[in-house]
Amino acid sequence: MKLATFRFNLSVCFAVTLFLAAHSVSAQGIFDDPVDSGDASGGLEGSESGGSGLGSDVLDPQAEFERANTAAEALMSEQKWSEALAEFNKVLALDRTFAPAHFGRAQCFQQLGAPDDAIEAYSRAIVSPSASRYEGLVTQSHLERGKLYLDTARFREAADDFAQAVAQDPTNPENLFQQGKALLRLVMTSPSQGTDQAGQRSLILAIGSLDRAIELDANNGEAYLERGRVLSRIRETEFAIEDLEKAVAMTGPASAAAADLGLAYSQRANVESSKIDGDSQKIVDDLRAAVKSMNGFVKAAKLGEKQKSWEPGDPTEVRAESMLISRAETMIALANELVGEETKGLYEQAIRDTTTIIDQSSDPLELARAHFARAHAYRMLDDLDQAIAEYTTALKFFPTYTEAYLRRGICFFHRQEYDKALQDFSAASTDPRNPYQFEPRASLWEGLTHSQRGDQLDAIRAYSRAIRVSDSFIPAYLNRGLAYMNMGRNDRAVSDFNNVLRRDQNNEQAKTYRTQALERVDNETRDAESTYGSNVGPL
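Every value quoted in this text rests on a predicted model; they were computed, and no experiment measured them. (Residues numbered from 1 in each chain as written. Predicted model: local features only at pLDDT ≥ 70, side-chain atom pairs only at ≥ 80, totals over all residues. Heavy atoms only, no water.)

Draft legend 1. Geometry of the overall build of the chain. Looking only at helices and strands, the chain has 25 helices and two strands in total. The proportion of buried residues among the 539 residues of the chain is 48%. The contacts in the chain between residues at least 6 apart in sequence include a share of 58% that link residues at least 24 apart. Carbon and sulfur atoms make up 48% of the accessible area of the chain, which totals about 26300 Å². (Helix = DSSP H or I, 4+ residues; strand = E, 2+ residues; numbered from the N terminus. Buried < 20%, exposed > 50% of the residue type's maximum accessible area, 1.4 Å probe, protein only. Contact = heavy atoms within 4.5 Å. Areas by Shrake-Rupley, 256 points an atom, 1.4 Å probe, with all protein chains shown as cover.)

Draft legend 2. Quick peek at the nonpolar core. Grouped together as the largest cluster of nonpolar side chains are 80 residues, with contacts concentrated most on F98, C108, L137 and V230. With eight residues, helix 9 (residues 173–188) is the single largest residue contributor to this core. V284, A350, Y401 and A517 belong to the second largest nonpolar core, which has 61 residues in total. (Core = buried A, V, L, I, M, F, W, Y, C linked by side-chain atoms within 4.5 Å.)

Draft legend 3. Quick look at the side chain of D243. Checked against the element boundaries, D243 lands in helix 12 (residues 237–251). Setting aside anything within four residues of it in sequence, one finds D243 in contact with Y224, R227, G228 and L231.

Draft legend 4. Examining the pattern of salt bridges more closely. Going through the model one piece at a time under the given rule, you end up with 38 salt bridges. Between E342 and R288 there is a salt bridge, and its shortest N-O distance comes to 2.8 Å. One end of the pair, E342, is in helix 16 (residues 341–360); the other, R288, is in helix 14 (residues 280–300), with 54 residues separating them in the sequence. You can call E342 partly exposed: its relative accessible area is 37%. Of the charged contacts in the structure, one is a salt bridge between R489 and D491, with a shortest N-O distance of 3.8 Å. (Salt bridge = Lys/Arg side-chain N within 4 Å of Asp/Glu carboxyl O.)

Draft legend 5. Representation of the side chain of R327 within the structure. Within the fold, R327 resides in helix 15 (residues 320–337). For R327, the side chain forms a polar contact with the side chain of D353, separated by 2.9 Å. If we ignore the near neighbours within four places in the chain, the residues touching R327 are M294, N295, V298, Q349 and D353. (Polar contact = N/O pair within 3.5 Å; in protein donor to acceptor, adjacent residues only side chain to side chain.)

Draft legend 6. Seen up close, the packing of helix 14 against helix 15. Close contact between helix 14 and helix 15 brings their axes to 9 Å; oriented N to C, the two are set at 155°. As judged from the angle between their axes, helix 14 and helix 15 are roughly antiparallel. Two packed elements cross with a definite hand, and for helix 14 against helix 15 that hand is left-handed. Here S280, I283, V284, L287, R288, A290, V291, M294, N295, F297 and V298 of helix 14 come into contact with helix 15, specifically with A320, M323, L324, S326, R327, T330, M331, A333, L334 and E337. Residue classes in the contact of helix 14 with helix 15 are distributed as 14 nonpolar, four polar and three charged. (Axes fitted to C-alpha atoms, helices over the stretch in contact; angles between N-to-C directions. Parallel < 35°, antiparallel > 145°, perpendicular 65-115°, else oblique. Left-handed = near helix turned anticlockwise from the far one by under 90°. Nonpolar A, V, L, I, M, F, W, Y, C, P; charged D, E, K, R; others polar.)

Draft legend 7. Focus on helix 7 (residues 137–151). End to end, helix 7 covers 21 Å across 15 residues, agreeing with the expected 21 Å (1.5 Å per residue, within 8%). Within helix 7, 14 of the 15 residues are buried, which leaves the element mostly enclosed by the surrounding structure. The positive-phi residue at the C-terminal boundary of helix 7 is A153, with phi of around 60°. (Expected span 1.5 Å × (residues − 1).)

Draft legend 8. Examining the packing of aromatic side chains more closely. Inspection of every chain in the model, using the stated rule, returns ten aromatic pairs. With a centroid separation of 5.1 Å and an interplanar angle of 65°, the aromatic rings of F65 and F98 are classed as edge-to-face. Residue F65 is found in helix 3 (residues 61–77), and its partner F98 is found in the loop between helix 4 (81–94) and helix 5 (99–111); the two are separated by 33 residues along the sequence. Relative accessible area serves as the criterion here: at 0%, F98 is assigned to the buried category. With a centroid separation of 5.7 Å and an interplanar angle of 35°, the aromatic rings of F497 and Y513 are classed as tilted. Of this pair, F497 sits in helix 24 (residues 490–503) while Y513 sits in helix 25 (residues 508–536), placing them 16 residues apart in sequence. (Phe/Tyr/Trp six-rings, centres within 6.5 Å; stacked < 30°, edge-to-face > 60°.)

Draft legend 9. Region of interest: the environment of C108. For C108, the location among the structural elements is in helix 5. According to the relative accessible area criterion, C108 is buried, its value standing at 0%. Sequence-wise, C108 and Q79 are 29 residues apart; in three dimensions their C-alpha atoms are separated by 8.9 Å. Here C108 is in contact with M76, W81, A84, L85 and F88, once residues within four sequence places are set aside.

Draft legend 10. Fine view of the pairing of strand 2 (residues 434–438). Pairing of strand 1 (residues 430–431) with strand 2 involves two bridges; the strand directions are antiparallel. Paired with T430 across the bridge in strand 2 is F438. What sits between the antiparallel neighbours strand 1 and strand 2 is a turn of two residues. (Pairing = 2+ DSSP bridges.)

Draft legend 11. Focus on unusual backbone geometry. In this structure, Q79 is a non-glycine residue whose phi angle is positive, near 60°. Checked against the element boundaries, Q79 lands in the loop between helix 3 and helix 4. Given the relative accessible area of 48%, Q79 is considered partly exposed. The phi torsion at D382 lies on the positive side, around 70°, for a residue other than glycine.

Draft legend 12. Structural view of the packing of helix 16 against helix 17 (residues 364–380). For the pair helix 16 and helix 17, the least separation of the axes is 9 Å and the interaxial angle reads 155°. Relative to helix 17, helix 16 is oriented roughly antiparallel. Considering the relative orientation of helix 16 and helix 17, their crossing is left-handed. Two secondary-structure elements touch here, helix 16 through Y347, I351, T354, T355, I357 and I358 and helix 17 through E366, L367, A370, H371, A373, R374, A377, Y378 and M380. Grouping the amino acids of the contact of helix 16 with helix 17 by side-chain chemistry returns ten nonpolar, three polar and two charged.

Draft legend 13. Molecular detail of helix 17. Relative to the 24 Å expected for 17 residues at 1.5 Å per residue, helix 17 spans 24 Å between its end C-alpha atoms, a close match to the ideal helical length. Regarding helix 17, its N-cap is D363, as a side-chain oxygen of that residue lies 3.1 Å from the backbone nitrogen of L365 further along.

Draft legend 14. Representation of the confidence of the model for the chain in the model. When pLDDT is averaged along the chain, the result is 87; 85% of the residues meet or exceed 70. Mean pLDDT in the chain bottoms out at helix 2 (residues 16–22), which sits at 36, and peaks at helix 18 (residues 384–397), which reaches 98. Across residues 1–24, where pLDDT falls below 50, the model places 69 contacts with residues more than four positions away in sequence or in other chains. This stretch, residues 26–56, has a pLDDT under 50; its non-local contacts, to residues over four places away or in other chains, come to 63 contacts. (pLDDT = per-residue confidence, 0-100.)

Draft legend 15. How the structure looks around the environment of G228. Here G228 is to be found in helix 11 (residues 221–233). Along the backbone, G228 and L261 are 33 residues apart, and their C-alpha atoms lie at a distance of 8.5 Å. When sequence neighbours within four positions are dropped, the list of residues in contact with G228 reads A240, D243 and L244.

What follows is the structure, given as structure tokens:
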């Protein structure tokens, strides 16, 4: 029997006569437990529905077998799933080894919203002795059972099923697509999040499966989406964006692919901005593209939809609230790169977006993130009081939000409240989740605060801590060099400015300060020689 016969459609034909020609109908089978009976989720109840399928007026079991199987097919074509299930139960009461009836029963359970019962029925179809007689039945059962495992967040079981389906039919693009999809989710829900060898192997296998699926079916937008997600996860951002652009073209600007594409553009902009010689125009272009892509998703998304805590979740799914916050953060990043009146509008829109989240969300992490983004927008609009209030609220929802401590400390610094600033920078210097990981920016701002108060030695200590954490942290070298100059240690200042130029040979500030420090060193040398000559005289 061909695979198409068993696919999840409304016309299932089981070639009963071929089976009956080779096997006599028997009530004995490989399963000792009775077929589920009862309501729509189980099938038969009472003698009126058929009981065992052999009423007192049924004289020919084989005729009843054929009648029940034919009736089940007809009822499935009419989408009468409960009635079809009852007929399949009658078939299996006569022969429990009839694999197509187990498969059909599984499809009924699937349509009736009983995934666990459907999984069990597919399992029975797979191990039934007659399964091998029906071409594609075992493969299709693995595929359908894998989808159910995927829908119920049992990603390991799903990956195993799809691996079986691929092994049995490696040319079926759906088998390959589903395998890649399951492997990505398995990695995302693993403790290592794909950072260990097993996770990396799974991601590579996922890419290979999706590559092949796309080769076989180039019109599957979901396959491009899944491969783009995997590529984003392994930081292959350029290729990820190519795939996600194709996915959006196929699935629409309001699809999940648009959300992922927006995040990928933002990721590429962040990578470019982290470079010393980053291309500002590329950063702006990517941030604009990110906002545009996010707009499509947010416009069609529904806010306020809550998932029950017991419902299985898809780790790749982006909630509307989360994407709205991402759009606000991206607008803020874009405004930070621009000058002029446009920046004000972007900050104000970011405030409106985050206000929407704050008014509707009850998730503490979303609220912390929204208050943090709104705080940054207020700060850039020079409203330090409101910014401090927002950072403080973010910390109430997420007390270990070290970035909020750092940003609030900077606001206190600009308000010349140096004691409060130093307290926040101290809190931001280490992450409670990893007390051995120090934040160099917090130490930098500690140094700036001490320097502002005239405590150059404490400032140098703070800058040195930042450099120990990150020996390529240019702002710390620059400011420590200035602190050394203020203390008259111009030789050490020259060394720090040289360190900057070794890392960024075009740094104009370092060039200017080094020139000044070298002039001071030369003056000090001349003064020292003059003093020595006047006191000692010619030799």
